[in-house]
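# Chain and residue survey
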Amino acid sequence: MPNYEDMEERERPTGRSDIPTPSELSEFLHLVRFFVLLLIALILLAACALLPIVVAEKASPWLGLVMAAGGFWVWSRFGPRPGPGLVPGALCVSGFAAIVVSFVTCAVLAVRG
């Protein structure tokens with residue numbers, strides 16, 4: 001049996017190992033899942049908002065307008081729901097706002113000809 005009275009403070013066992021507990025591991029996995037889903041949502045947002053503008057400039061403004069309208073459907077179907085929570089709600093609303101800007105830009109390019 002070791003004599004802990006003679007040991008210095010840094011040499012005493014703390015009872016904590018380097019192996020994470022299941023709750024710490026679960027928190028880490030939830031954090032990783034959150035960032036992966038956030039990255040997927042941002043990629044989807046970029047595709048829904050930027051692709052119609054690129055198509056409007058490269059191919060036809062009317063085709064870009066149709067793609068922006070399709071972007072509304074894709075974002076509402078596969079994008080994040082508006083709640084619960086601040087991050088999903090803000091991401092959902094900002095996604096629709098970006099697609100509205102894309103739709104208006106394509107409409108201006110189509111009318112301008």
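Residues numbered from 1 in each chain as written. Predicted model: local features only at pLDDT ≥ 70, side-chain atom pairs only at ≥ 80, totals over all residues. Heavy atoms only, no water.

## A few points about the overall build of the chain
- The helix and strand tally for the chain stands at three helices and zero strands.
- Starting at the N terminus and walking to the C terminus, you meet the elements of the chain as α-α-α.
- Taking the intrachain contacts of the chain between residues at least 6 apart in sequence as the baseline, contacts between residues at least 24 apart amount to 62%.
- In the form shown here, the chain has an accessible surface area of approximately 8,400 Å², with 70% of it arising from carbon and sulfur atoms. (Helix = DSSP H or I, 4+ residues; strand = E, 2+ residues; numbered from the N terminus. Contact = heavy atoms within 4.5 Å. Areas by Shrake-Rupley, 256 points an atom, 1.4 Å probe, with all protein chains shown as cover.)

## Here's the deal with the packing of aromatic side chains
- Inspection of every chain in the model, using the stated rule, returns four aromatic pairs.
- With 5.2 Å between their ring centres and 70 degrees between their planes, Phe-34 and Phe-35 make a pair best called edge-to-face.
- Residue Phe-35 is classed as partly exposed on the basis of its relative accessible area of 47%.
- Between the aromatic rings of Phe-72 and Phe-96, the centroid separation amounts to 6.5 Å while the plane-to-plane angle is 15 degrees, which identifies the pairing as stacked. (Phe/Tyr/Trp six-rings, centres within 6.5 Å; stacked < 30°, edge-to-face > 60°. Buried < 20%, exposed > 50% of the residue type's maximum accessible area, 1.4 Å probe, protein only.)

## Side note on helix H1 (residues 22-58)
- In this model H1 runs 52 Å from its N-terminal to its C-terminal C-alpha over 37 residues, within 8% of the 54 Å that 1.5 Å per residue would give.
- Considering bend angle alone, the principal kink of H1 is centred on Leu-50 and spans about 30 degrees; proline Pro-52 follows within four residues of it.
- Along H1, the positions that sit buried rather than exposed are Ala-41, Leu-45, Cys-48, Ala-49, Pro-52, Val-55 and Ala-56.
- Looking at the buried residues of H1, the elements they touch are helix H2 (61-78) and helix H3 (86-112). (Expected span 1.5 Å × (residues − 1). Bend = angle between axes of the 7 residues up to and from the residue.)

## Overview of the layout of surface pockets
- Each pocket or cavity is described by its volume, and for the largest pocket that value is around 220 Å³.
- If you go around the largest pocket, you meet 13 residues; those closest to its centre are Leu-37, Leu-38, Ala-41, Pro-80 and Leu-91.
- Among the elements of the structure, H1 and H3 are those that each provide at least two residues to the lining of the largest pocket.
- A per-element tally of the lining of the largest pocket places H1 first, with seven residues.
- Looking at side-chain class alone, the lining of the largest pocket contains 11 nonpolar, one polar and one charged residues. (1 Å grid on protein atoms, 1.4 Å probe; cavity = no way out; pocket = protein on both sides within 12 Å on 5 of 7 lines; lining within 4 Å. Points joined across faces, edges and corners; volume = space filled by probe spheres on them. Nonpolar A, V, L, I, M, F, W, Y, C, P; charged D, E, K, R; others polar.)

## A closer look at the packing of H2 against H3
- The interhelical angle for the contact between H2 and H3, taken along N-to-C directions, is 165 degrees, at an axis separation of 8 Å. Taken together, H2 and H3 sit at an angle that is classed as roughly antiparallel. Considering only the axes of H2 and H3, their crossing is left-handed. Seen from H2, the contacting residues are Pro-61, Trp-62, Gly-64, Leu-65, Ala-68, Ala-69, Gly-71, Phe-72, Trp-75 and Ser-76; seen from H3, they are Leu-91, Cys-92, Gly-95, Phe-96, Ile-99, Val-100, Ser-102, Phe-103, Cys-106, Ala-107, Leu-109 and Ala-110.
- Class assignment for the residues of the contact of H2 with H3 results in 17 nonpolar, five polar and no charged. (Axes fitted to C-alpha atoms, helices over the stretch in contact; angles between N-to-C directions. Parallel < 35°, antiparallel > 145°, perpendicular 65-115°, else oblique. Left-handed = near helix turned anticlockwise from the far one by under 90°.)

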